[in-house]
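Letter by letter, the chains look like this.
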Amino acid sequence: MWFYKALLHLYPSSFRAEYGEEMCAVFERRGTSRLEAMFEVLANAPAVHWDILRQDLRYTARTLARAPGFTAVAILVLALGIGANTAVFSVTDYVLLRPFPFPSPDRLVSLWETVPGYRHMELSPSNYRDWERMNRSFENLAAVSTQEVNLIGQGAPERIKAAYVTGNLFAVLGVQPQFGRFIAPTDDRESAPHTAVISYGAWQRVFGGDAGVLGRKVNLDGALIIVIGIMPPGFHFPNQEVELWMPFQFDANAFSDRNDNYLDGVARLRPGVTIQQADADMKVIADQLRRQYPKELEHTGAAVNLLRDDVISHPRRLLVVALAGAALCVLLIACSNLANLLLARALARQKELAVRAVLGAGRERLIRQLGTESMVLSLVGGLLGVLLAGLGLPLLTTLGPSLPAAGIPAIDLRVLGFAIVVTILTGIGFGVVPALRVGRTDLNGLREGSRSGGGRKAGLRSTLILAEVTLSVVLLISAGLLLRALLRIQSIDPGFRTDGVMTLETALPMPKYENLAKRTAFYRRVLSEIHDLPGVADAGYISFLPMVMGGGIWPVDVDGKTLDRSENHTASLRFITPGFLATLKIPLHVGRNINESDAADRPMAAIVSESFARRYWPDQNPLGRHFKFAFFDRTVVGVVGDIHVRGLERSSEPQVYLPYQQQPDGNLVFYAPKGLVIRASGNPRRLLPAVRRIIQQADPEQPISDVRTLAEIVQADTAPRTVQVRIIAAFAALAFLLAALGIHGLLSFTVSTRSSEIAVRIALGAQPRNILRIVLRESVLLAAGGVILGVALAYAAGRAMQSILAGITPGDAATFLAAAGLCFLMTLVGSLAPALRALRVDPITAIRAE
Amino acid sequence: MAQKSLQPDEFLPLPPATFHILMAVAEEDRHGYGIIQDVAARTGGELKLSAGTLYRSIQRMLDKGLLIETAERPAPELDDERRRYYRITPLGAAVAKAEATRMSKLVKWARALGFAPGKA
């Protein structure tokens, strides 16, 4: 019998209370077996639950339809809260949670050389070779180096991103090609034929998905290369832009210079080896190599990082975490707002609920009914929220770095699962407290003229509002701090003028353009024809555009003596044509610009930036000074202003500009100028068709890529921050609106419940200001409490975000004061209507109603 | 929460358990176990309603107004305090009649095709 009684708990308790005893009696008399009883209950209990649910749903549909205003507001608030969280989660998931799509991604590590001032320096081929041979920690240690290549002969010439890889890269990653085969160690020998593997995307886009491409020769930078494989659709490495992989095929020369660092090391840990062990192993190896090559590797160490941690930088991570926190705040505010609305509604419905209770609906049925109502609201809100998230997601995708993972952040099954969980938790979150409160409804609700709303309910409602005000203050202050940080970064002078400057890249393929004369002819022809276009003021070429490429750094030796490498004596190296500095309006402080007479047969000239001159020749005239840089002795002919080569937020090395004609054949070919800048009046983009034509005529096989304005390049530098600030600011605005609505609702409720008291006071001669004091006292207390709690929490949040605040202190007084002021203002706005209503209370009507 | 607006036809087709319960209470008020026994007797033991099916059906029938719980009790010596007695409502009777008509029509059509024994 106890067994059957226990089984009966699967039924709704109202059903059990009604029929449980009789069912037990029937069970006893029929002598049903336990197994039968179990089947019977398992079949019927869900059906009874379903019956009740259907009833409750019908009832819910009716009650919600009767209060369309409430329903619409509730659904909208929920949709915004759930939508914000769903959209932010899809980015959080993409950036922080989702593992890379390779087998055992937690065993994938990146390897770096370290030198003073650089914790992440690429490896030189010779060090890579030694590390691979000497380590005991890795199953495989591979190297990658990204490059751009010109693909010729497949329609218009196209610039595509490619990666040179060692033959073991795919053993490290553990992936298989979709078709064909991958680059193997045998392909990576100097004598092997030139081969390439292409991405699925490139296969579709460039070759129209033609399977016949396997084994075909394609023209890359003028060389014929056999396509041997096609990767599957989701494969991206080392980032999403790379569409083609080729073996390095190092020759003996590649190993001659231990300081020629350009390889990204990536390895797979042996099973059971921790990253710390691998790091220690590599440091021992670095020590051994240092003893072996004391001159070249005097300060070179080694570091091993988890691949994932390297790809997603700490600030980027913090940016996303801050956003997730803000979204959560919005959801919490939405929940407390709705809990409040439901409480108010429950009070208004007290009589109806009391009638239902009298008619035999037990407490459980009432709670269930109200639970169904909040769940229905939540589900509809959630559905709408997912739609909103889908619409808002494109805004957020700029927050995600280019990962070696499939696709971009998107609403997929994982995200939908998250949305469902959030929706259900939300439904419980805002529904459960009001439901439990109402469950206690007693028959008092039916008494004639009964006062609605006991003190406890008002207390609970105030607490909920206090939470809303607190959270919106936190959001507002965080948004303010991040905005101030963004403005501070954007106000940094990049050192050059962006207005009216268009940029594009024409990377001259090697070995076709290894010859200096050939390059010079190309630059001269293109630049002089561009100069002749209407509206063009200046134009020039540079090795790499600022903020597009931060690297290209060389050690500096001054006045014949080698400077201590531990002191970080490095500068960025750029070859330029004479028009470059004028196009970007980089100011020339002393000396002269480079010119066409700085030819190959003339002394090697250099223009250095101010910080370079200050570092090596403080308080002296830098003109005419010598230094050794990138293989040659150079003479300073001019000093220009510093520019932010590495972006606004990072510190940049001093700059050295070299004349484009003093780059000998085959020397530093990677630095051959490819970034074209054009300053013109009006919208510079209008020049594009003419510029394309000029370049096409100069070399029909030469592709053009990365067409952007210089302003866009600078904006892109702060784009993730801009997006984040905008979203958090929108969240803060939403939070404020909700909090103001909450205050409004609470005060309206206060005024209506205390109208008789107010009436009595007015009748006894109270002045309007006395009445106002009654109403406003509550809202001012809420605002003050919210500001105090909010300020404390916001300070903690600011401390956590400090590293992305760009020097704004987490306790920034201006931001805090502004937020507090806004909060009081919002409180006043929220209180306005109820306060006026209190003043208009007519003593006679109000007292008569009692 | 009886739904007064519904016509008898709108309840059709009836779940078999509901139809059997209506037949069981057609002539006299019965308690739950009495219904089970009556159904079993009428069907020659072929249909033995389980307690769960019975009371779930009863609850739905009460909600829909096909049954009411009656306050009249039998003679005390026959009564058991725990028991509740159910009585068919006029709506219940009309629904049962409508269901029977529906079924007999079905059988007639089936017979015409030779699906059921009897005269074509």
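Thresholds, definitions, all that
Residues numbered from 1 in each chain as written. Chains lettered and ligands numbered in written order. Predicted model: local features only at pLDDT ≥ 70, side-chain atom pairs only at ≥ 80, totals over all residues. Helix = DSSP H or I, 4+ residues; strand = E, 2+ residues; numbered from the N terminus. Buried ≥ 20, exposed ≤ 12 C-beta atoms within 10 Å, placed from the backbone. Contact = placed C-beta atoms within 7 Å. Nonpolar A, V, L, I, M, F, W, Y, C, P; charged D, E, K, R; others polar. Domains from an automatic or database assignment. Pairing = 2+ DSSP bridges. Expected span 1.5 Å × (residues − 1). Arc of directions from axis to C-beta.

A. Spatial organisation of the overall build of chain B. On a plain count of helices and strands, chain B comes out with 4 helices and 3 strands. Written out in order from the N terminus, the α and β elements of chain B read α-β-α-α-β-β-α. Expressed as a percentage of the 120 residues in chain B, the buried residues total 30%. Long-range pairs, those at least 24 residues apart, make up 57% of the contacts in chain B between residues at least 6 apart in sequence.

B. Spatial organisation of the overall build of chain A. Helices and strands together make up the secondary structure of chain A, namely 23 helices and 23 strands. Structurally, chain A occupies a C-alpha span of about 105 × 80 × 55 Å along its principal axes. The burial tally for chain A puts 43% of its 850 residues in the buried class. For chain A, long-range pairs separated by at least 24 residues make up 83% of all intrachain contacts whose partners lie at least 6 apart in sequence.

C. How the structure looks around the interface of chain A and chain B. Counting from both sides, the interface comprises 16 residues of chain A and, opposite them, 14 residues of chain B. Among the elements that take part in the side of chain A that touches chain B, helix α2 (residues 13–30) of chain A stands out by supplying 9 residues, more than any other. Of the residues assigned to the side of chain A that touches chain B, the class counts are 10 nonpolar, 1 polar and 5 charged.

D. Spatial organisation of the domain arrangement of chain A. Along its sequence, chain A is carved into domain 1 (2–52), domain 2 (117–298) and domain 3 (508–702). Each of domain 1 of chain A and domain 2 of chain A was reduced to a C-alpha centroid, and the two centroids are 67 Å apart.

E. Layout of the sheet that holds strand β2 (residues 67–70) of chain B. All names here are of chain B. Taking strand neighbours across the sheet as the criterion, the 3 strands line up as β1-β3-β2 in an open arrangement whose pairing is antiparallel. Only two strands of the sheet have a single neighbouring strand rather than two, namely β1 (30–31) and β2. Judged from the 4 bridges that link them, β2 and strand β3 (residues 85–88) form a sheet pairing that is antiparallel. Counted as the bridge partner of I68 is R87 from β3.

F. A look at unusual backbone geometry. Here the bond from F237 of chain A into P238 of chain A is cis, since omega is -5 degrees, no more than 30 degrees from zero. Its location among the elements puts P238 of chain A in the loop between β8 (223–230) and β9 (244–247). Going from L12 of chain B to P13 of chain B, the amide bond is cis rather than trans, its omega being -10 degrees. Note that P13 of chain B resides in the segment before α1 (16–24). Phi at D221 of chain A is positive, roughly 50 degrees, even though this residue is not glycine. Checked against the element boundaries, D221 of chain A lands in the loop between β7 (217–220) and β8. Not every positive phi belongs to a glycine, and A806 of chain A is a case in point at roughly 50 degrees.

G. Looking closely at helix α8 (residues 275–292) of chain A. Residues and elements named next belong to chain A. Taking 1.5 Å per residue, 18 residues should reach 26 Å; α8 reaches 26 Å between its end C-alpha atoms and fits that length. Buried within α8 are the following residues: A278, M282, A286 and L289. For α8, the angular spread of the buried residues around the axis is 80 degrees, confining them to a single face. Facing away from the buried side of α8 by over 90 degrees, the exposed positions are Q276 and R291.

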